[in-house]
Amino acid sequence: MRALRIYNPYLVAAAATIGGMLFGFDISSVSAFVDNETYREFFNYPDSTQQGGITASMAGGSFIGSLCAGFVSDRLGRKYTIQLGAIIWMIGAAVQCSVQNVAQLVCGRLIAGLAIGVCSSQVPVYLAELSPKKIRGRLVGLFQWAVTWGIMIMFYISYGCTFIDGPSSFRLAWGIQMIPGLLLLLSLLLFPESPRWLAARDRWDEAIEIISHVQGRGDVEDPDVQIEIQELREAVRIDRLSKDVTIFDLFAKGSRVRTFVGMSGQVWQQLTGMNVMMYYVVYTFAMAGYQGNVGLVSSSIQYVINVVMTVPALLFIDRWGRRPLLIYGACIMAVWLFAVSGLMASYGHWVPEVNGNTNIRWYVPGKPAAKAIIACNYLFVATFATTWGPGIWIYVSEIFPLKQRAVANGFCGAWNWIFNFALAFFVPPAFQNIQWQTYIIFAVFCVCMAAHVFLMFPETKGKTLEEIDIIWAENIKPWKTANADVTELAANRDLAKQEKTKEVEHMEHTDPTVPSVTVDPTAQDEPKV
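Now for a look at the structure at hand. Note that the coordinates shown come from a computational prediction; the quantities given were computed from them, not determined experimentally. (Residues numbered from 1 in each chain as written. Predicted model: local features only at pLDDT ≥ 70, side-chain atom pairs only at ≥ 80, totals over all residues. Heavy atoms only, no water.)

Some words on the overall build of the protein
Logical step 1: The helix and strand inventory of the protein stands at 23 helices and 2 strands.
Logical step 2: Expressed as a percentage of contacts within the protein between residues at least 6 apart in sequence, the contacts between residues at least 24 apart total 80%.
Logical step 3: Of the roughly 20,800 Å² of accessible surface on the protein, 64% is carried by carbon and sulfur atoms. (Helix = DSSP H or I, 4+ residues; strand = E, 2+ residues; numbered from the N terminus. Contact = heavy atoms within 4.5 Å. Areas by Shrake-Rupley, 256 points an atom, 1.4 Å probe, with all protein chains shown as cover.)

With respect to the environment of Gly-117
Logical step 1: Mapped onto the fold, Gly-117 is located in helix α6 (residues 102–130).
Logical step 2: Each C-alpha atom, one on Gly-117 and one on Ala-59, is 8.1 Å from the other, the two residues being 58 residues apart in sequence.
Logical step 3: Not counting residues within four places of it along the chain, the set of residues in contact with Gly-117 comprises Ser-62, Gly-65, Ser-66, Ala-69 and Trp-417.

Re a nonpolar patch on the surface
Logical step 1: The grouping of Leu-4, Leu-182, Leu-186, Leu-189 and Leu-190 at the surface amounts to a nonpolar patch, some 460 Å² of accessible area in total.
Logical step 2: Residue Leu-190 is classed as partly exposed on the basis of its relative accessible area of 34%. (Patch = residues over 30% accessible without salt bridge, like charges linked within 9 Å, V, L, I, M, F, W, Y side chains within 5 Å. Salt bridge = Lys/Arg side-chain N within 4 Å of Asp/Glu carboxyl O. Buried < 20%, exposed > 50% of the residue type's maximum accessible area, 1.4 Å probe, protein only.)

What about the nonpolar core?
Logical step 1: Tyr-126, Trp-174 and Trp-388 are the most contacted members of the largest nonpolar core, which has 143 residues in total.
Logical step 2: Not counting residues within four places of it along the chain, the set of residues in contact with Trp-174 comprises Ser-29, Phe-33, Tyr-39, Phe-43, Ala-93, Gln-96, Cys-97, Val-99, Leu-105 and Met-154. (Core = buried A, V, L, I, M, F, W, Y, C linked by side-chain atoms within 4.5 Å.)

Some points on the pattern of salt bridges
Logical step 1: Tallied over the entire structure, the rule returns 9 salt bridges.
Logical step 2: Two residues, Asp-469 and Arg-258, come together in a salt bridge whose shortest N-O distance is 3.2 Å. With Asp-469 in helix α22 (residues 465–473) and Arg-258 in helix α13 (residues 256–271), the pair connects residues that are 211 residues apart, well separated along the chain. The pair formed by Asp-469 and Arg-258 is uniform in burial state, with each residue classed as buried.
Logical step 3: The structure contains a network of salt bridges with shared partners spanning Asp-74, Arg-78, Glu-129 and Arg-405.

A few points about the packing of helix α17 (residues 322–347) against helix α21 (residues 437–456)
Logical step 1: Axis separation between α17 and α21 bottoms out at 8 Å; the angle between their running directions is 160°. Between α17 and α21, the angle falls in the class roughly antiparallel. Pair α17 / α21 crosses with left-handed handedness. Contact residues: α17 offers Arg-323, Leu-326, Ile-327, Ala-330, Cys-331, Met-333, Ala-334, Leu-337, Phe-338, Val-340, Ser-341 and Met-344, while α21 offers Tyr-439, Ile-440, Phe-442, Ala-443, Val-444, Cys-446, Val-447, Met-449, Ala-450, Val-453 and Phe-454.
Logical step 2: For the contact of α17 with α21, the per-class residue count stands at 21 nonpolar, 1 polar and 1 charged. (Axes fitted to C-alpha atoms, helices over the stretch in contact; angles between N-to-C directions. Parallel < 35°, antiparallel > 145°, perpendicular 65-115°, else oblique. Left-handed = near helix turned anticlockwise from the far one by under 90°. Nonpolar A, V, L, I, M, F, W, Y, C, P; charged D, E, K, R; others polar.)

As for the packing of aromatic side chains
Logical step 1: Inspection of every chain in the model, using the stated rule, returns 21 aromatic pairs.
Logical step 2: In textbook terms, an aromatic cluster arises when at least three aromatic residues are bridged by ring pairs, as seen for Phe-33, Tyr-39, Phe-42, Phe-43, Phe-170 and Trp-174.
Logical step 3: Looking at Arg-233, its charged tip hangs above the ring of Trp-204, at a distance of 4.3 Å from the centre. (Phe/Tyr/Trp six-rings, centres within 6.5 Å; stacked < 30°, edge-to-face > 60°. Lys NZ or Arg CZ within 6 Å of the ring centre and 35° of its normal.)

Structural notes on α22
Logical step 1: Summarising burial for α22: 9 of the 9 residues are buried, a large majority.
Logical step 2: Within α22 the residues assigned to the buried category are Leu-465, Glu-466, Glu-467, Ile-468, Asp-469, Ile-470, Ile-471, Trp-472 and Ala-473.
Logical step 3: Phi turns positive one or two residues past the end of α22, at Asn-475, with a value near 60°.

Some thoughts on the environment of Val-282
Logical step 1: Looking at where Val-282 falls in the secondary structure, it is placed in helix α15 (residues 281–287).
Logical step 2: Sequence separation between Val-282 and Val-297 is 15 residues, and the spatial gap between their C-alpha atoms is 9.8 Å.

Regarding the side chain of Thr-272
Logical step 1: The residue Thr-272 is located in the loop between α13 and α14 (274–279) in this model.
Logical step 2: Within the structure, the side chain of Thr-272 is placed 2.7 Å from the backbone oxygen of Gln-269, a separation counted as a polar contact.
Logical step 3: Once residues lying within four places of it in the same chain are set aside, the contact partners of Thr-272 are Met-333, Leu-337, Phe-380, Phe-384, Trp-388, Phe-442, Cys-446 and Met-449. (Polar contact = N/O pair within 3.5 Å; in protein donor to acceptor, adjacent residues only side chain to side chain.)

Regarding the side chain of Ser-212
Logical step 1: Position of Ser-212 relative to the elements: it lies in helix α11 (residues 204–216).
Logical step 2: Taking the relative accessible area as the measure of exposure, Ser-212 reaches 2% and is therefore buried.
Logical step 3: A polar contact is formed between the side chain of Ser-212 and the backbone oxygen of Glu-209, at a distance of 2.7 Å.
Logical step 4: Residues within four places of Ser-212 in sequence aside, it is in contact with Arg-217, Gly-218, Asp-219, Val-220 and Val-225.

Description of helix α1 (residues 9–16)
Logical step 1: Residues Pro-9, Val-12, Ala-13, Ala-15 and Ala-16 constitute the buried set of α1. Angularly, the buried residues of α1 cover 165° about the axis, an arc narrow enough to put them on a single face.
Logical step 2: Where α1 is buried, its residues meet α2 (18–31), α6, α7 (136–161), α9 (178–187) and α11.
Logical step 3: Measuring from the backbone nitrogen of Tyr-10 back to the side-chain oxygen at the start of α1 gives 2.8 Å, which picks out Asn-8 as the cap. (Arc of directions from axis to C-beta.)

With respect to the packing of α1 against α6
Logical step 1: α6 packs onto α1 with a crossing angle of 175° between their chain directions and a minimal axis gap of 10 Å. Compared by their axis directions, α1 and α6 come out roughly antiparallel. Residues Val-12, Ala-13 and Ala-16 of α1 lie in contact with α6, whose contacting residues are Val-123, Tyr-126, Leu-127 and Leu-130.
Logical step 2: Among the residues making up the contact of α1 with α6, the classes are represented as 7 nonpolar, no polar and no charged.

Concerning the state of the cysteines
Working definition: the covalent bond between the sulfur atoms of two cysteines is a disulfide.
Logical step 1: Applying the stated criterion across every chain, the model contains 0 disulfides.
Logical step 2: Free of any disulfide, Cys-331 has its nearest neighbouring cysteine sulfur in Cys-446, separated by 8.9 Å.
Logical step 3: For Cys-331, a relative accessible area of 39% puts it in the partly exposed group. (Disulfide = S-S within 2.5 Å.)

As structure tokens, then:
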């Protein structure tokens, strides 16, 4: 009896992106409790450094998980690697659920972080390799949407648990995290493996069957299916001419620029300041005078905004393109961050503590100014959710060739996590020591990332993964890639190489003193910046 398989790309994405929900669960499982008296008393009132360490431990585990994920994924397959991440996540949630002290909490979050590192780097790869090119951006973007759902759901679960007396409040919230891990593990049993991973291992019958079901409703003769198969065969052939990929190969000639783009894109996403605002949103609202349940409910609104405003990006990213989304998003976020810092500086003042919390030392007493700060926070979240939230995960999953894709996405994702780790440590002392100036730092980063995207990030909208490789090989200026005819460029490149080969063969035939030269059809020039 043949096992049940579901090939609908939207259903595949819905199941796989539960891996993003794990990330979201982890973010708000901390943010709802950092200012909670029961939590603070149980852990002996952690200071800014200790709280930074608790928060950052997840990102530290994610850094390690991302680095290892690519090599595991190339051996086990995309689907089984994500399922392994789900198992690790449940172990981490169990350790947190039974927490007795700070050390155990850090250990549990470190283990859960390993799972998030695996899933955050390989779920986008899995979806990018499985999706039709016309909706690839939308489906990969579902990963970020799942993150926003996880943040919101877990925040409200944690908020409800704050009404439970004693340590059971946060233990129950952290134990509930095992449920999405179990759902991810079981649901992926019904879905296929990445056809590109299968093809790279000569399992062509399975790969062609999956492509035909995903793109042609089971019709192998469908023109889109045939084009996809031909392009995939050529990509696999080229990949086999090179050796196995290591991290060092990502910095070889022909690869180093796109590796730098992928790394910097993930770093820039952290330097927008979004995850910082998610982790410590309660601190921001406390500075604006919102305390207790009022502060929690008010801060939860931005999680709802995060979910809702990701939808336009999912619907229109394959129309708008990646570059405009990232450039305009960075500029608009800079405006909101400058506004928050200006309002805090103009209408707030230093205090030794806020509501007994010495980690918060700035307070804005005026209600109009406080409401304006909250409004800018909401607008910042709305901007991020529509642009850099889904945009960079989609972009980095697209820009690498098949042979490098799993390792490169893991490596680039690791940079996201190491900066997440650093910022989680940095922000509590920053709020304590430089207060409103923290927002200026992130605003300046947003301006810099907009310029960087314009100068170095080529457009990938509407192109197959194989066509994107040609963009890098042909050294097209990033601001000209949106309208570039990639098919014609590829044909011209192949014709030029054929003529070069014929010329060499002619010289060898007519002049025996000319040494034999082999032309490598896969050779690529170093992209020019």
